[in-house]
Each structure stands twice: as structure tokens, then as C-alpha cells.
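Architecture and fold: a report
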Amino acid sequence: MARGKSRIAIIGAGFIGDLHVKAYKHVPQAEVIAVVDKREDIAAVLAEQLNAKTYTSLAEVLSREELDVVDICLPTTLHRDSVLEALEAGKDVLVEKPFALSLDDVDTMIAATKQYKRRLMVAHSCRFKPPYVYAKELIDSGRFGRALYFGAFRQSETPTWSWNQWLHDRSLSGGTVFDLQIHDTDISNWFLGIPESFYAQEIVRPGQPGPSHVVSHLTYPGGVYSVLETTHLMPAGYPFVSG
């Protein structure tokens, strides 16, 4: 094994876990050594791609001393307990967005990083994509003056890929604002700072209060504005589009 390579366990072998596996194949500094899911057959499909071992519980894999990083790809309401368990075991943690559905859970996880002296990162992937990085560099440089407005959109078919359709239950997912628009909210704040106000308009399908169409308005100091439009209501087969 190359010196400095991080040994990783992926927790959750669903849609996002599969995406992370595909990504790690392109990261020579990373080695996935375990995939954890209570559905052992599903975990085995991902583990086979990377010659990793399978486990059915987080506690099992945390006993491996050589493990460096726990990558949590579970439904949002399971983040807090899994993060705390991994940090207490002395592992660094990458956790999928959204971080949590409550500020109490967020504060508890952040406090645990200080208690156990481990690193915790939320997987806001857009911050590492070249177009966003380039835009951030331009804004910070002031090359074209002061940023006054940011607009962004995301369009997706109604999600059908989550285990047990948990994305359709906003008590578990937080709805479209938390699951999908959170990418552009994070980028807007990265570009423009801490907003002074937030207002959102939401349209839902009658009888289906989970996925929705949301337009959010953010106001920043100095008369700077952001408008974000996000939908989970496109028809089946519609390609994911963002801009």
C-alpha cells in the first residue's frame, strides 16, 4: 500500500454509496476496504468492484484498526448517530449532504469533532467542481467588480431510487430544499457570504407532499441577492439538468 493512502469504509450501499464507489476508483490516494449495509447482498455488489469486505453494521467495521475514514451514505436522519459512533471510535468522517435536519444535530456532531479530535466533512461536492471553483476565484479576486446577484437552477425527475422511497417522506429527507436545492444554497453562501434573509415558495403535487418545486430568495449584506429554482417534479426519464 502506498504511503499516505486513506483506508475507507462506505456506510450505505444505495444510490449515493454507489456514486462514491465510482468516484473512489479515480482517487489513487484512497482505498475502500469495506462496504457496510444491513442488506448484505447489496453491499456485496459494491464491495466486489473494489475487492473490499462487506459488513452488516457500523460497529463491526469500526473494530478494524487500519480503518482511517468512514464515509456515511445513509438517509439523513441516520447521520447523527452514525457520525458520533465513528468519531468516538477515532475515525475521520465524510458524511453526505444534507448534514442533518436540525441545528441541534449539527451542533452535536461538530462538538464531537472537538471532543474526539477527529475531522468531519460534509460532502458538498459542487465546491470542488471546476466551474464553481473558477467562479469563486473570480468573485474573490474582484476582477469584474463586486458580485451583486447569483442565480441557479436544478431539474430532476421525481426520485425513485431511494431505499424504501425515503426521499418521498420529508420527515426523513427534509424535502426538495434539503435534498436537492441545498447544493445551490451552499454555493450561494460560499460565493456571497451569510444571508440576512431567506424566503421560499414551494409547489407540491396534490397528495404527494415529498418532492416539490421550490423557488428560494436569499438577501445578503450590501443589496446582494440570490434566486434558486429547484424541482423534483420533472417526468420519469427526464435527465438531471443544472445551471
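See the structure above.
Described below are features of the structure shown in this document. Everything numeric in this text was worked out from a predicted model, so none of it was measured.

Here we come to the nonpolar core. By size, the foremost hydrophobic cluster in this structure holds 24 residues, and its most contacted members are Ile-11, Val-61 and Val-70. Taken together, the elements giving at least two residues each to this core come down to strand E1 (6–11), strand E2 (30–36), helix H3 (58–62), strand E4 (69–72), helix H4 (79–88), strand E5 (92–95) and helix H5 (103–116). Here the element with the most residues in this core is H4; it accounts for four residues. The residues contacting Val-70, other than those within four sequence positions of it, are Ala-9, Ile-11, Leu-58, Leu-62, Ala-86, Lys-91, Asp-92, Val-93 and Leu-94. Among the nonpolar cores identified, the runner-up in size contains 16 residues, and Ile-8, Val-21, Ala-43 and Leu-46 belong to it.

Here the focus is the environment of Tyr-116. Within the fold, Tyr-116 resides in helix H5. Excluding its chain neighbours within four sequence positions, the residues that come into contact with Tyr-116 are Leu-87 and Glu-88. A distance of 3.5 Å separates polar atoms of two side chains, one belonging to Tyr-116 and the other to Gln-115.

Conventions adopted
- Residues numbered from 1 in each chain as written.
- Predicted model: local features only at pLDDT ≥ 70, side-chain atom pairs only at ≥ 80, totals over all residues.
- Heavy atoms only, no water.
- Core = buried A, V, L, I, M, F, W, Y, C linked by side-chain atoms within 4.5 Å.
- Buried < 20%, exposed > 50% of the residue type's maximum accessible area, 1.4 Å probe, protein only.
- Helix = DSSP H or I, 4+ residues; strand = E, 2+ residues; numbered from the N terminus.
- Contact = heavy atoms within 4.5 Å.
- Polar contact = N/O pair within 3.5 Å; in protein donor to acceptor, adjacent residues only side chain to side chain.

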